[in-house]
Amino acid sequence: MLFEKYASKMMAVCMRYCKNQEDAKDLLQDGYYKVLTSIKSFKGNSKIDTWMTRIFINLALNRNRIGRNKYSHFEFDTKFEKADFDEEPVSEDIEAKIVIKALNELPEIYKTVLNMYAIDGLTHKEIAERLGISEGSSKSRLSRGRSMLNAKLKRKK
Amino acid sequence: MDKLKQIDSILKKAAADMHFNDAIQSSDWDAIEHKLKKRRRRIIVLWSFIALMFTTSIVTLIVNQDSLTDELGYNEASYENINNERENSVAQNIEAPSKTKLTNKSNDFEKNYKIPLVKSNNQKITVTKEDKKIVNNDYNELIININSKSVNTFNQALPEIKLEKIFLERNPITKKSNNPESFVKRWEYGIAFTPSISSKFTQKNSTLSGLINRNYNQYIGKQEKSSFASNFGFNLSYHINSKLFISSGLYLTQRAEYLNYKYTITDFPIVTNGEITDYGPLNPLAYVDVNHIGSNLYHFIEIPLNFGIKQPISSNFEIRAQFGVSFLSLTKLNGKKGNYLNLQLEDLSDLKFNKHNIATTVKTGLYYNKPRFNVGLEPSYSININSLNNAKTSALKTRPYAYGVNLITNIKIFKNE
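These numbers were taken from a predicted model, which means no experiment stands behind them.

Enquirer: An account of the nonpolar core is needed here, citing residue identities and associated values.
Expert: With 60 residues, the main nonpolar core has A:Leu28, A:Tyr32, A:Met52, A:Leu149 and B:Leu11 as its most contacted residues. Going through the elements one at a time, α1 (2–17), α2 (21–37), α3 (48–66), α4 (96–105), α5 (108–119) and α7 (135–156) of chain A together with α1 (6–17) and α2 (26–72) of chain B are the ones with two or more residues in this core. Considering each element in turn, this core owes the most residues, eleven residues, to α1(A).

Enquirer: Break down the confidence of the model for chain B for me, citing the residues and quoting the values.
Expert: Residues and elements named next belong to chain B. Here chain B averages 74 in pLDDT, while 69% of its residues score no lower than 70. Strand β16 (residues 356–369) holds the highest mean pLDDT among the elements of chain B, 94, whereas strand β1 (residues 76–78) holds the lowest, 34. Considering only residues more than four positions removed or in separate chains, one finds that residues 68–182, a stretch of pLDDT under 50, has 154 contacts. Model confidence for the complex: the whole-complex pTM is 0.46, and ipTM, which rates the interface, is 0.80.

Enquirer: Summarise the confidence of the model for chain A; cite the residues concerned and give the values.
Expert: Per-chain confidence: chain A averages 80 in pLDDT, with 84% of residues scoring 70 or above. Here residues 66–84 of chain A scores under 50 on pLDDT; set against residues more than four positions off or in separate chains, the count is 52 contacts.

Enquirer: Lay out the pairing of strand β9 (residues 244–265) of chain B with the relevant residues and their values.
Expert: Residues and elements named next belong to chain B. Bridge analysis of strand β7 (residues 224–225) against β9 gives two bridges, and the strand direction is antiparallel. Across the sheet, residue Glu-224 finds its bridge partner in β9, namely Leu-259. With nine bridges connecting them, strand β8 (residues 227–239) and β9 associate as antiparallel partners. Counted as the bridge partner of His-239 is Phe-245 from β9. Linkage of β8 to β9, two consecutive antiparallel strands, is achieved through a turn of four residues. Inspection of the sheet shows β9 paired to strand β12 (residues 288–312) by 19 bridges, in the antiparallel sense. The partner of Tyr-263 across the bridge, within β12, is Val-290.

Criteria and cut-off values
- Residues numbered from 1 in each chain as written.
- Chains lettered and ligands numbered in written order.
- Predicted model: local features only at pLDDT ≥ 70, side-chain atom pairs only at ≥ 80, totals over all residues.
- Heavy atoms only, no water.
- Core = buried A, V, L, I, M, F, W, Y, C linked by side-chain atoms within 4.5 Å.
- Buried < 20%, exposed > 50% of the residue type's maximum accessible area, 1.4 Å probe, protein only.
- Helix = DSSP H or I, 4+ residues; strand = E, 2+ residues; numbered from the N terminus.
- pLDDT = per-residue confidence, 0-100.
- Contact = heavy atoms within 4.5 Å.
- Pairing = 2+ DSSP bridges.

What follows is the structure in structure tokens.
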């Protein structure tokens, strides 16, 4: 069954696009509802979990756009300083929890692009379409997001 | 900047290592299942409504088809209307072939196909409505179809019968209604009662959605369900013609919701710039247990304006369908409700609701018609168009709706009375 098999994976997706567990659970329920009501449109061109992930992402993005912060309450990080731009990459032996926590602390615009590009494997074109921005913006957000995350991880380590 | 590409692999690895099995509970699936069931119910209601409308349309079409055929009964096709030249050619055709054969044939018709073939000194044939298969009453193309056999009155000439006049006899039983007065302009007034099930659609108000407590949905939203309500009042309608009518009236209308709250408030929201930014823990001594079961009732005075169509389906029954809008004035509130911000239980009368509301209603059903009165039974669905909550002060938008069966009885007043 789709829920039993993929709920954990989808919850991970939800957690990455939401700030807290309550919001993520809301998204999980809405996402599964959407998946189950549109399962007929799944053509089998990709893996079912990839298709489901896309649905969850779209839903999270849509809800953020339409119902201002239905699932999350992000603020633009105005405290971000130039000093945070550190080009020396952090070492890979860092705990998953810390990485995800640091990711969640990023301003939404960077976090979303990082999530979509680095973890969910969307291209800049796809990201640009979904977020309603240019591919250039997507690239610059990714770059800035990487820097910010790198800086945060270094501090946490 | 390329150096930082390894952040991507760190992220990917971290995401793969994160497991949330513990965070998923059976209640999550229950909530999804509940939504799916609700959707299924909505689909069933929608399809039932479509099926009802479709059936109504088909019945209307069939009845109309019969009405058209009936109307033929009032027409006559006679030789007198045909010009002389054509009359001559008809006469030639008629006076054509074998006597015996044709006589047999005409007997066959009388015997087997029960066509009331009336010969009066071989002068006249009367085709009554019982034949019902006349497709054209223009004499030149008059064809009688009997059990799929087609007899053209020109080609199948009947020599011994001199056709002087063919006419369709007016058939007294073809009129569909015993209530001829139902076809005239008239007023109807009466009382109506609609027992219904009431529920609501709830949405977040995007401008204030940041004020909704993180536990609102679980503790309050999901615990508010549909409940019984009713609508009772005086109905007045004016029948413009045999098909259309307008109805209004004055009703006492209820919308309702059933609540089953059971939760403990252990924290309080911290609001900054009109948005909850954090939650602070309450002192355990200040925890608030909320246990509340009951129904909330919203009372309105309703003035509807509906446009309707009607179609007789037998001598005593007709189908009516109405669609329109109503003005609803909120008059009274009974009950309590959980606050979406702090989850505290509040009296409904302390909350701000829109006093003036607009709803739309659709109903269609069967009416039993007598000369002086009628009784109707019609499924109805009504939904508020605007939100009952005040959009400026509430983070939630609520549109109540009700579906039920309208029981109505009317007295007819005719124009000449």
